[in-house]
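# Remarks on the overall topology
Single-letter residue listing:
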Amino acid sequence: MKKLTTLAATAVIAGLGTIALADDHADPIKMRQETMKSIGGAMKVLSDMSKGNTDFDAAAANAALDTMTQAAETIPTVFETEAVDPESDASDDIWANWDDFVTKAEALHTAAMGAEVTDEASVGAAMGAVGEACAACHKPYKL
Ligand code: HEC
């Protein structure tokens, strides 16, 4: 049994897993990839805005940060099932270092929750804060 961390336990209790766990029998790899895709989509909103590809919109930027915050909370749940597959870029080091992986998910959660976009300059700052958390996990755990 893997140790349930506070974050995972909270996510389960709060029912936040419903985003990704709507179907309990869903393919675990698909589930975690969908979670990452939604995080990636939210990141794209920020990056398009910071590059000037889209107009500055504080509400849309903060909504993207909310999406990331919620998705980050489900990371321990959607990754809990150890499953390696040629279609997946998840390293099996995740399950050998589960507590560290969860810590890195919590770091994204903290960064996304703590970031707030108030003006154009803060879009880049928010991106930087969450971007560090993506890299800190992808480097060791994404193939
Ligand atoms: C706690 C670890 C962790 C954090 C934090 C994390 N990722 Fe990931 N991400 C992964 C792993 C592992 C995979 C590979 C999943 C798979 O293929 O099964 C992945 C895959 C992805 C993918 C590819 C999804 C697909 O299959 O199409 C995208 C896009 C992505 N991450 C974006 C992000 C962004 C953007 C952030 C930060 C805002 C982020 N991730 C933060 C672990 C993490």
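Basis of the calculations
Residues numbered from 1 in each chain as written. Predicted model: local features only at pLDDT ≥ 70, side-chain atom pairs only at ≥ 80, totals over all residues. Heavy atoms only, no water. Salt bridge = Lys/Arg side-chain N within 4 Å of Asp/Glu carboxyl O. Helix = DSSP H or I, 4+ residues; strand = E, 2+ residues; numbered from the N terminus. Expected span 1.5 Å × (residues − 1). Bend = angle between axes of the 7 residues up to and from the residue. Polar contact = N/O pair within 3.5 Å; in protein donor to acceptor, adjacent residues only side chain to side chain. Patch = residues over 30% accessible without salt bridge, like charges linked within 9 Å, V, L, I, M, F, W, Y side chains within 5 Å. Areas by Shrake-Rupley, 256 points an atom, 1.4 Å probe, with all protein chains shown as cover. Lys, Arg positive; Asp, Glu negative; His and termini not counted. Charge placed at Lys NZ, Arg CZ, Asp CG, Glu CD. Buried < 20%, exposed > 50% of the residue type's maximum accessible area, 1.4 Å probe, protein only. Core = buried A, V, L, I, M, F, W, Y, C linked by side-chain atoms within 4.5 Å. Phe/Tyr/Trp six-rings, centres within 6.5 Å; stacked < 30°, edge-to-face > 60°.

Okay, the pattern of salt bridges next. Summed over the entire model, instances satisfying the criterion amount to 3 salt bridges. Among the salt bridges present, the one from Lys37 reaches Glu34, with a minimum N-O distance of 3.9 Å. Here Lys37 and its partner Glu34 are both found in helix α2 (residues 28-51), 3 residues apart, which amounts to about one turn of the helix.

Moving on, we come to helix α3 (residues 58-78). Between its first and last C-alpha atoms α3 spans 30 Å; for 21 residues at 1.5 Å apiece the expected length is 30 Å, and the two agree. Taking the largest bend as the criterion, α3 deviates by roughly 25°, centred on Ala72, and proline Pro76 comes between one and four positions later. A distance of 3.1 Å separates the backbone nitrogen of Ala59 from a side-chain oxygen at the start of α3, and that oxygen is part of Asp57.

Now for a negative patch on the surface. A cluster of acidic side chains, namely Asp55, Asp57, Asp119 and Glu120, defines a negative patch on the protein surface. One can find Asp57 in the loop between α2 and α3. Exposure remark for Asp57: the relative accessible area of 35% places this residue in the partly exposed category.

A few words on the nonpolar core. If you look at the biggest cluster of nonpolar residues, it comprises 34 residues, and the most contacted ones within it are Met68, Ile75, Phe79, Ile94, Phe101 and Val130. If one sorts the elements of this core by residue count, α3 sits on top with 8 residues.

As enumerated under the stated definition, the model contains 3 aromatic pairs in all. For the pair Trp98 and Phe101, a centre-to-centre distance of 5.7 Å together with 25° between the ring planes defines the contact as stacked. One end of the pair, Trp98, and the other, Phe101, are both in helix α5 (residues 98-114), 3 residues apart, so they sit about a helical turn from each other. Note on accessibility: Trp98 and Phe101 belong to one class, buried. What links up through ring pairs into an aromatic cluster is the set Phe79, Trp98, Phe101 and Tyr141.

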